[in-house]
Amino acid sequence: MDPDGPIFITGLDRSGKTRLRRFLGAHPDVHLVRHVALWTRDDDVSGDLTDDASLADGIAARYSAQASEHGKRRWGEQDAEIERRAERVLRQLPSARIIHLVRDPRRRYAAVVAGQHRRAGRLGSTTASWIASVRQGTAHAARYPRQYRLVRDEDLDARPRPELERLHAFLGLSMAPDILDGWSTEPPEMAELRGAEVTFIEAWAGATMRTMGYPASGGRTALAAWHPVELAGLVARSVRESRSRRRVTQ
């Protein structure tokens, strides 16, 4: 496998991607761009990749040249939801490495509403997006263990050195002895969650949470899990995610 392959950092918003991009982008060998949407544009645009591998070659040539201009040999991108198209990316760029950041869905929702405020249906929609993202990432990591890695944001917080060492090994990067000097420990802004919100998330995402090692709080309020507006948001988002997966795989 090409040791100079591109690096992609993906996952949902408010999952810790920006912190990791800034950290890895400071590496002397790595140049990372943000939100260029090389792979996550609307399907009528990115769908060309399935028919024209030269587009992927063109992307690689362009950003390899950009990395060279910065004196670096590796290029990459931070963008949300590359997990939806990971198979396409790895088919066109088999030397790529993909890091998929995951944050506990309760903590992620707390970060979402801290930045965007609460609105009807957001809790359900956010929960459904998290379930879909983690399930896709888990499947990719099992199928492409040398190219796709799921990383919990909480593990980077709790054990930064060993987790970053593992990431460097996965990416094939050298690691400086003072690696932690550039690692940010500033916590993200988070709102205080309501008990009913925690209950809703745990009721609908609980099975997927357990696969990622996120324990439930133990509290239960059955009616909260069936809030009609939030349940409608969850169903609507789940349908959209399913349709998106079908479009990508067609």
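The structure displayed is predicted, hence computed values, not measured ones.

### Considerations on the sheet that holds strand 5 (residues 148-152)
Sheet architecture is open: 5 strands sit in the order 2-3-1-4-5, paired in parallel fashion. Lying at the two open borders of the sheet, with one neighbouring strand each, are strand 2 (30-34) and strand 5. The average undirected angle you get between the axes of adjacent strands in this sheet is 20°. Relative to strand 3 (residues 74-78), strand 1 (residues 7-10) runs parallel, the two being bridged by 3 bridges. Paired with F8 across the strands is E77, a residue of strand 3. Helix-sheet contacts for helix 1 (residues 17-25) involve strand 1, strand 2, strand 3 and strand 4 (97-102), and the interaxial angle to strand 2 is about 150°. Most of the contacts of helix 8 (residues 160-171) go to strand 4, to which it runs at about 155°, and overall it touches strand 1, strand 3, strand 4 and strand 5.

### Brief notes about the nonpolar core
Counting 18 residues, the largest nonpolar core has L20, L24, I99 and L164 as its most contacted members. Those elements giving two or more residues to this core turn out to be strand 1, helix 1, strand 2, strand 4 and helix 8. Here this core gets 4 residues from one element, more than from any other, and that element is helix 8.

### Section: the confidence of the model for the protein
For the protein, per-residue confidence averages 87 on the pLDDT scale, and residues scoring 70 or more make up 87% of the total. This stretch, residues 42-52, has a pLDDT under 50; its non-local contacts, to residues over four places away or in other chains, come to 17 contacts.

### Regarding the packing of aromatic side chains
Throughout the structure, instances matching the rule amount to 5 aromatic pairs. Relative to W204, the ring of F200 has its centre 6.4 Å away and its plane inclined at 50°; by these criteria the two rings are tilted. Residue F200 and its partner W204 are both found in helix 9 (residues 195-211); the two are separated by 4 residues, about one turn of the helix. Each residue in the set F8, Y63 and W75 is aromatic and connected to the rest through ring pairs, giving one cluster.

### Observations concerning the packing of helix 1 against helix 8
Packing of helix 1 against helix 8 brings their axes to within 13 Å, and their N-to-C directions diverge by 65°. The crossing of helix 1 and helix 8 is right-handed. Facing L20, F23 and L24 of helix 1, the residues of helix 8 in contact are L164, L167, H168 and L171. Grouping the constituent residues of the contact of helix 1 with helix 8 by class yields 6 nonpolar, 1 polar and no charged.

The rules behind each value
Residues numbered from 1 in each chain as written. Predicted model: local features only at pLDDT ≥ 70, side-chain atom pairs only at ≥ 80, totals over all residues. Heavy atoms only, no water. Pairing = 2+ DSSP bridges. Helix = DSSP H or I, 4+ residues; strand = E, 2+ residues; numbered from the N terminus. Axes fitted to C-alpha atoms, helices over the stretch in contact; angles between N-to-C directions. Contact = heavy atoms within 4.5 Å. Core = buried A, V, L, I, M, F, W, Y, C linked by side-chain atoms within 4.5 Å. Buried < 20%, exposed > 50% of the residue type's maximum accessible area, 1.4 Å probe, protein only. pLDDT = per-residue confidence, 0-100. Phe/Tyr/Trp six-rings, centres within 6.5 Å; stacked < 30°, edge-to-face > 60°. Left-handed = near helix turned anticlockwise from the far one by under 90°. Nonpolar A, V, L, I, M, F, W, Y, C, P; charged D, E, K, R; others polar.

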